[in-house]
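Inside the fold
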Amino acid sequence: MAAESLVPEGEDRTNEQWRALLTRHDPSLLRVRRLLKRVPSSPRRNVCASPFQGLGGAVGRVLWHGPMRQNPFLCKACFGQLSKVPGGAEIEISVVSLGRAVVPV
């Protein structure tokens, strides 16, 4: 019996959706990022590129792209969309370790 047959039919599609989101290949996410990157401001949220601060951040907060209380790197709009489709995907990542953290005195 193949491993694919053990995965429920809808779950395969959900995993592909998550893989596209996590690797930033989702077409709708690319459109949102392209639009929000035109708003001048820095730094930006990890998923949608909505601005954190400045005039862009103020506009973003009005348009439901304000920071989540639990995770300020996600906006309310992204968290709302991601929570509609629970799941995930295995993706490859690279991690660089610099030893111990240096704390300025």
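Provided above is the structure to which this section pertains.
Note that the structure is predicted; figures quoted are calculated from it, not measured.

Some details on the overall build of the chain
Within the chain, the secondary structure is distributed over 4 helices and 0 strands. If you list the helices and strands of the chain from N to C, you get α-α-α-α. Relative to its 105 residues, the chain shows a buried fraction of 23%. At a minimum sequence separation of 6, the contacts of the chain that also span at least 24 residues come to 31%. As presented, the chain carries roughly 8,500 Å² of accessible surface, and 59% of it is formed by carbon and sulfur atoms.

Focus: unusual backbone geometry
You will see that Arg24, though not glycine, has its phi angle at about 60 degrees, which is positive. Turning to its location among the elements, Arg24 is positioned in the loop between α1 (9-22) and α2 (27-36). Since its relative accessible area comes to 40%, Arg24 is described here as partly exposed.

Focus: helix α3 (residues 54-62)
Within the sequence span of α3, burial applies to Gly56, Gly57 and Gly60. When α3 is viewed along its axis, its buried side chains cluster within an angular range of 100 degrees and face the same direction. Exposed residues on α3 whose side chains face more than 90 degrees from its buried face are Leu55 and Val62. Just downstream of α3 lies Trp64, where phi reads positive at about 70 degrees.

What counts, and at which threshold
Residues numbered from 1 in each chain as written. Predicted model: local features only at pLDDT ≥ 70, side-chain atom pairs only at ≥ 80, totals over all residues. Heavy atoms only, no water. Helix = DSSP H or I, 4+ residues; strand = E, 2+ residues; numbered from the N terminus. Buried < 20%, exposed > 50% of the residue type's maximum accessible area, 1.4 Å probe, protein only. Contact = heavy atoms within 4.5 Å. Areas by Shrake-Rupley, 256 points an atom, 1.4 Å probe, with all protein chains shown as cover. Arc of directions from axis to C-beta.

These figures capture arrangement, not role.
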